[in-house]
Amino acid sequence: MAKPTPTARARAGRLALALASVLVSLLAAELTLRALGIAPARFAQTANLESVDKRVALDLYADDPRAYFPLDLRIESERAPFREALPEVDARFEQTPFGVPLRFGEELCRGEAIGPPDPSRPRVLVIGDSFTEGQGVREEDTFVARLGARMPDVELLDCGRRGYDFPRLREWFDLRLHEEPNVVVYAMVLNDPEQSEAFHARQQYLDDWILDRRRMFTEGHGMPPAWQPRLFALVRDRIESARVGDETTRWYREMVLAPNQEGWDRTLAHMVHMDQTMRARGGTFVVALWPLMIGLDGEYPFTSTHETIVAALEERHILVRDTLRGFTGQDPRELWVHPADRHPNERAHAIFAYDIEPTVRAAVEAAR
């Protein structure tokens, strides 16, 4: 058998040295990541506690990075008042102690009970989902409350309900007409349209650009197993995040395109019904379109989706205000309720209120 030549031995030596260098570098990187506590972002599962009559609720989070949440349930005196309506609070406060209280009137609209209309003050009913209700936002900081403060001659009712999409939003609209509004503002979010059965089934493997469910954990501390290399975990998380992000973005875009044409057509029919109903009552219907709190400082991925929605509504002569321009250039991380919860925070609500105020004022004048 031929002996390795000096050249072959030299090549083998260089290869071994290169491999050893790579291994040393990887080990150094791993030790550095562990020393600095760097790992894929993980968040304790957020919580919403709600009383049986749905009049009292809490939005709860594991920490309070912006020092915004008014409640620290680790303090007995802050926890005790909720124990009767929300008995599960004692089982939740250790993992998610920081929170925002929510109160609802008999009509399940946020805030005080709704009284009879005051003829001297036009009534504006605002409907929508959790963006309107104000998930994770103090009552006084919601865009509805801010509009009310800026328009004291108008009565603003926050009847947003989390989780309400079409067709339920239409049912909610019909029900809340009992409040005799002069104007109805529907604050639309991109995931509100009705979905065909086939289209809805696609969401099961998607993340959400509103709640970072993929990174939430319910038990333990959410860190990778001790034996798993941190560098590997970070790379895998980045790859998975990109894959899921692409799928989620496509799903949102196609909500108003051919893959969900049946659901989108029904959604437009619902909004036409709402508009015609308000016109028949001598009132005004307004659609105010929220952006999602992502990519606002760069390439916002849903500009064409906004354009499709606005064009469809204008074609049907429905008054619409797209607030995307008011948010463009903002750092979306500064607009989140929490790193795990990308619902609009108090700053985002202020931007939205400022942007739609002229449209709401015009609608009120048109309905007088």
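For the structure itself, consult the block above.
All figures in this text were calculated on a predicted structure; none of them were measured in a lab.

K.L.:
If you had to explain the pattern of salt bridges to someone new, which residues and values would you point to?
P.N.:
One pass over the full model with this rule turns up 24 salt bridges. R162 is the partner of D59 in a salt bridge, and the nearest nitrogen-oxygen pair spans 2.9 Å. Within this pair, whereas D59 is found in strand β3 (residues 56–61), its partner R162 is found in the loop between β7 (155–158) and α6 (168–176), the two being separated by 103 residues in sequence. A residue is classified by how much of its surface remains accessible, and D59, at 2% relative accessible area, is buried. As a salt-bridge pair, R83 and E76 come within 3.2 Å of each other at their nearest N and O atoms. Taking the relative accessible area as the measure of exposure, E76 reaches 40% and is therefore partly exposed. Connected via shared salt-bridge partners are E76, R79, R83 and D90.

K.L.:
Which residues make up helix α10 (residues 303–315), and what values go with them?
P.N.:
Residues spaced three or four apart along an α-helix face the same direction, because each turn holds 3.6 residues. For α10, with 13 residues, the first-to-last C-alpha span of 18 Å sits near the 18 Å given by 1.5 Å per residue. Here α10 has its buried residues at T305, H306, I309, V310, A312 and L313. Projected onto a plane normal to the axis of α10, the buried residues spread over an arc of 165° and lie on a single side. Structural note: α10 exposes E307 and E315 on the side pointing more than 90 degrees away from its buried face. H317 lies just past α10 and shows a positive phi near 60°.

K.L.:
How would you sum up the state of the cysteines? Please name residues and give values.
P.N.:
A complete count under the given rule lists one disulfide for this structure. With its sulfur 1.9 Å from that of its partner, C109 forms a disulfide with C159. Taking the sign of the torsion about the S-S bond as the criterion, the disulfide between C109 and C159, at about 100°, is right-handed. Placement of the pair is C109 in the loop between β5 (98–103) and β6 (123–128) and C159 in the loop between β7 and α6, with a sequence separation of 50 residues. Of the residues examined, C109 reaches a relative accessible area of 2% and is grouped as buried. Judged by relative accessible area, which is 0%, C159 ranks as buried.

K.L.:
An account of the sheet that holds strand β10 (residues 284–289) is requested, with residue identities and associated values reported.
P.N.:
One open sheet accounts for five strands, arranged β7-β6-β8-β10-β11; its pairing is parallel. At either margin of the open sheet sits one strand with a lone partner, and together these are β7 and β11 (319–322). Strand-to-strand twist across the sheet, computed as the mean angle between neighbouring axes with direction ignored, equals 20°. Inspection of the sheet shows β6 paired to strand β8 (residues 183–188) by five bridges, in the parallel sense. Residue pairing for β8: V126 is matched across the bridge by V185. Each of β6, β7 and β8 is contacted by helix α5 (residues 143–150), which is oriented at about 175° to β7, the strand it contacts most. Each of β6, β8, β10 and β11 touches helix α12 (residues 346–367); the most contacted strand, β10, lies at about 170° to it.

K.L.:
An account of the sheet that holds β5 is requested, with residue identities and associated values reported.
P.N.:
Spatial strand order, β2-β3-β5-β4: four strands in an open sheet with antiparallel pairing. A single partner strand is all that each edge strand has here, and the edge strands are β2 (47–50) and β4 (71–72). Relative to β5, β3 runs antiparallel, the two sharing six bridges. Following the sheet pairing, V56 is matched in β5 by R103.

K.L.:
How would you sum up the nonpolar core? Please name residues and give values.
P.N.:
Counting residues in hydrophobic clusters, the biggest one holds 73 residues, and the most contacted among them are F143, M271, W290 and L292. Looking at which element gives the most residues to this core, the answer is α12, with nine residues. Residues A47, L49, L58 and L73 belong to the second largest nonpolar core, which totals 10 residues.

K.L.:
I'd like a rundown of the packing of aromatic side chains, residues and numbers included.
P.N.:
This model, assessed by the stated rule, comprises 14 aromatic pairs. With 6.3 Å between their ring centres and 70° between their planes, F173 and F285 make a pair best called edge-to-face. Linking F173 in helix α6 with F285 in strand β10, this pair joins segments that are 112 residues apart in sequence. A single burial state applies to F173 and to F285, both of which are buried. Taken together through their ring pairs, the aromatic side chains of F131, F143, W290, F327 and F352 make up a single cluster. If you follow R79 out to its NZ or CZ, it ends over the ring of F93, 3.8 Å from the centre. Positioned over the ring face of W172 is R176, at 4.9 Å from the centre of the ring.

K.L.:
Please give an account of the packing of α6 against helix α9 (residues 261–280) that cites residues and values.
P.N.:
Packing of α6 against α9 brings their axes to within 9 Å, and their N-to-C directions diverge by 15°. As summarised for this structure, α6 and α9 are arranged roughly parallel, according to the angle between their axes. As for how α6 packs across α9, the hand of that crossing is left-handed. Residue-level contacts link R170, F173 and D174 of α6 to A269, H270, H273, M274, T277 and M278 of α9. Class assignment for the residues of the contact of α6 with α9 results in four nonpolar, three polar and two charged.

Scoring rules and cut-offs
- Sequence order as written defines residue numbering, which begins from 1 separately in each chain.
- This being a predicted model, a pLDDT of at least 70 is required before a residue's local features are given, and a value of 80 or more before pairs of side-chain atoms are given or counted; all residues contribute to the totals for chains, interfaces and linings.
- Hydrogens and water are ignored here; the side-chain numbers use all heavy atoms of the structure.
- Whenever Lys or Arg places a side-chain nitrogen within 4 Å of a carboxyl oxygen from Asp or Glu, that contact is recorded as a salt bridge.
- What counts as a helix is a DSSP run of H or I of at least four residues, what counts as a strand is a run of E of at least two, and both are numbered from the N terminus.
- Burial status follows relative accessibility: with a 1.4 Å probe on protein chains alone, a residue under 20% of its type maximum counts as buried, one over 50% as exposed, and anything between as partly exposed.
- Expected span of a helix, by definition, is 1.5 Å for each gap between consecutive residues, and there is one gap fewer than residues.
- Directions are taken from the helix axis to each C-beta atom, and the arc is the one they span.
- In plain terms, two cysteine sulfur atoms within 2.5 Å form what is called a disulfide here.
- Criterion used throughout: strands pair if DSSP finds at least two bridges between them.
- Axis definition: a line fitted to C-alpha atoms, limited for helices to the stretch in contact. Angles are taken between N-to-C directions and run from 0 to 180 degrees.
- Whether two residues are in contact is decided by their heavy atoms: any pair within 4.5 Å suffices.
- Take the buried residues of types Ala, Val, Leu, Ile, Met, Phe, Trp, Tyr and Cys, join any two whose side-chain atoms come within 4.5 Å, and each joined set is a nonpolar core.
- Pairing of aromatic rings covers Phe, Tyr and Trp, the last counted by its six-membered ring, and requires centre-to-centre distances within 6.5 Å; plane angles under 30 degrees mean stacked, over 60 mean edge-to-face, and any other angle means tilted.
- Charges are assigned to positions over rings by a cutoff of 6 Å between ring centre and Lys NZ or Arg CZ, combined with an angular limit of 35 degrees from the ring normal.
- Between 65 and 115 degrees an angle is taken as roughly perpendicular, under 35 as roughly parallel, over 145 as roughly antiparallel, and anywhere else as oblique.
- Handedness of a crossing is defined here by the sense of rotation of the near helix relative to the far one, left-handed for an anticlockwise turn of less than a right angle and right-handed for a clockwise turn.
- Amino acids outside the nonpolar list (Ala, Val, Leu, Ile, Met, Phe, Trp, Tyr, Cys, Pro) and the charged list (Asp, Glu, Lys, Arg) are all regarded as polar, and Gly is one of them.

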